[in-house]
Amino acid sequence: NAASKGTYEFYMLKEIDEQPAVMRRLSQDYFDGDDVKVDPAIVDAMAQSDRIYILAAGTSYHAGLVGKNIIEEYADIPVEVGLASEFGYHFPKLSKKPFFIFLSQSGETADSRVVLKQVNERNLPSLTMTNVEGSTLSREATYTMLLEAGPEIAVASTKAYTAQIAVQAILAKAVGEKKNLEKAKNFDLKNQFALAAEGMQELVDGKEKIDELAKKYLSTTRNAFYLGRGVDYAVALEGALKLKEVSYIETEGFAAAELKHGTIALIEKGTPVITLINDPATADLTRGNIQEVESRGANVMTFVAKDFAREGDDVVLPQIDYYLSPLVTAIPAQLIAYYASKNKGLDVDKPRNLAKSVTVE
Ligand code: G6P
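All of these numbers come straight from a predicted model, not from anything done at the bench.

A. Representation of the overall build of the chain within the structure. Within the chain one finds 14 helices and twelve strands. For the chain, the C-alpha radius of gyration of 20 Å lies close to 21 Å, the compact-globule estimate for 361 residues. With respect to the principal axes defined by its C-alpha atoms, the chain has extents near 55 × 40 × 40 Å. Buried residues in the chain amount to 53% of all 361 residues. The long-range fraction of contacts in the chain, counting pairs at least 24 apart against all pairs at least 6 apart in sequence, stands at 76%.

This is how it looks when you write it as structure tokens:
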């Protein structure tokens, strides 16, 4: 059955490996031929909105940071992403026609429920994107879209993260088409999903390479950094969270160019720095940022989109649409966290002090 570990030692690796299949399932269920298929009531409500507010916690929050880029690009609506725990007690000044999206694998996160309760008290429209049908956040929101990722058992979220990115892209395209935007109409999302699934498969098939990187650079280090710009910055935050939560290596995700404004003081000989490069606007600049840390002795690992790859890069990411690139970048980021933890003999699926779903504020 879907929730059994089979031959895997840990659920986390099983769930990482399942991601190409999740992409294919979403391609089947959210498309009609090449057209996206989304409940028209959701599309209408969102198309009328002047600002989207995405609320979430943990990994789901990081999926929201990626979704902001996709929705602003293809649906042309400004998006704010908030940590539910902060937003719930300090609502910002809302726009005239807000629309709320709650991202939650479990659909049970208490911090998100606090926000939704107030959204409902104000009679504002909301959508929950969740992996669990009938979950509390799903029942309490106006609308629901399911992630269809299948049961996620490992505490560290993997396949729900990429599914959240994919479902936000489906919604962005549907809303952009409703608004008659050329960019949305020309966005070949079905094809991009196929490329993403293929690319994910290629990356999971090459997992030994990631294991080697983890052994070489992460087996004894106390700290590490993740750098990226544009959507890679959002993925850097998630990569850092993944690595720290399962391996206990203290890891910070950083906007690559911001490092030099202070944090570069922490780079020493041997400090591992994972750098993500997918963004056409900043790819060359990020290379400069790499040089800055390398010259201070950092051990740099590069995960780079094919179009920008150079000799010596550690992982070449299959080329897909920039806005969707987190779907493929996530794979080596998840794998390196997995191996860093497993190689230390830790319980990958159940890191200390963590719960899969946090139902207290
Ligand atoms: C917990 C989990 C995280 C998860 C977060 C949000 O802290 O350990 O992995 O990202 O809750 O959970 P949700 O179910 O709302 O996505």
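B. Structural context of the sheet that holds strand β5 (residues 98-104). Here we have five strands laid out as an open sheet, ordered β4-β3-β5-β6-β7, and parallel in their pairing. Every other strand in the sheet has two partners, leaving β4 (79-83) and β7 (143-146) as the edge strands with one partner each. Neighbour-to-neighbour, the strand axes of this sheet turn through a mean angle of 20°, independent of strand direction.

C. Local environment of the pairing of strand β6 (residues 126-130). A large share of β6 lies buried, amounting to five of its five residues. Burial of the side chains of β6 extends over both faces: Ser126, Thr128 and Thr130 are buried on one face and Leu127 and Met129 on the other. What joins β5 to β6 is helix α6 (residues 110-121), and the crossover it makes is right-handed. Strand direction decides the pairing type here: β6 and β7, joined by four bridges, are parallel. Within β7, the residue paired with Thr130 across the bridge is Leu146.

D. A look at the sheet that holds strand β8 (residues 223-228). Taken together, the five strands give an open sheet; going across it, the order is β9-β8-β10-β11-β12, and neighbouring strands pair in parallel fashion. The sheet is open, and its two borders are formed by β9 (250-255) and β12 (315-317), each paired with just one other strand. On average, adjacent strands in this sheet sit at an angle of 20° to one another, irrespective of strand direction. With six bridges connecting them, β8 and β9 associate as parallel partners. The residue bridging Ala224 from the neighbouring strand is Thr251, located in β9. Contacts from helix α14 (residues 326-343) reach β10 (272-277), β11 (299-305) and β12 within the one sheet, and its direction differs from that of β12 by about 155°.

E. Just the environment of Thr302, in detail. When you line up the elements, Thr302 lands in strand β11. Measuring from C-alpha to C-alpha, the distance between Thr302 and Val273 comes to 8.4 Å, with 29 residues separating the pair along the chain. Non-local contacts of Thr302, meaning those with residues more than four positions away in its chain, are made with Thr275, Ile277, Asp313 and Asp314.

F. Geometry of helix α8 (residues 159-178). Compared with the 28 Å implied by 1.5 Å per residue over 20 residues, the 29 Å span of α8 between its first and last C-alpha is a close match. Most of α8 is tucked away, with 19 of its 20 residues classed as buried. Directly beyond the C-terminal end of α8, a positive phi value near 65° is found at Asn180.

G. Focus on the nonpolar core. Residues Ala166, Ile170 and Ile336 are the most contacted members of the largest nonpolar core, which totals 122 residues. It is α8 that provides the largest number of residues to this core, a total of twelve residues. For Ile170, the residues in contact, after removing those within four places along its chain, are Tyr30, Val36, Val38 and Leu189.

H. Highlighting the site of the ligand. Around the ligand, the surrounding shell holds 17 residues, and the nearest of these are Gly58, Thr59, Ser104, Ser106 and Thr109. Broken down by element, the shell around the ligand gets its largest block of residues, three residues, from helix α4 (residues 58-74).

I. Local environment of the packing of helix α2 (residues 19-29) against helix α10 (residues 189-205). Running from amino to carboxyl end, α2 crosses α10 at an angle of 165°, the nearest separation of the two axes being 8 Å. Here α10 runs roughly antiparallel to α2, going by the angle between their axes. The two elements α2 and α10 meet at a crossing, and its hand is left-handed. Here α2 contributes Gln19, Pro20, Met23, Arg24, Leu26 and Ser27 to the contact with α10, which in turn contributes Lys190, Phe193, Ala194, Ala196, Ala197, Met200 and Gln201. Of the residues assigned to the contact of α2 with α10, the class counts are eight nonpolar, three polar and two charged.

Rules used in this analysis
Residues numbered from 1 in each chain as written. Predicted model: local features only at pLDDT ≥ 70, side-chain atom pairs only at ≥ 80, totals over all residues. Helix = DSSP H or I, 4+ residues; strand = E, 2+ residues; numbered from the N terminus. Rg over C-alpha atoms; globule rule 2.2 N^0.38 Å. Buried ≥ 20, exposed ≤ 12 C-beta atoms within 10 Å, placed from the backbone. Contact = placed C-beta atoms within 7 Å. Pairing = 2+ DSSP bridges. Axes fitted to C-alpha atoms, helices over the stretch in contact; angles between N-to-C directions. Right-handed = clockwise from strand over helix to strand, strands pointing away. Expected span 1.5 Å × (residues − 1). Core = buried A, V, L, I, M, F, W, Y, C linked by C-beta atoms within 7 Å. Near = placed C-beta within 6 Å. Parallel < 35°, antiparallel > 145°, perpendicular 65-115°, else oblique. Left-handed = near helix turned anticlockwise from the far one by under 90°. Nonpolar A, V, L, I, M, F, W, Y, C, P; charged D, E, K, R; others polar.

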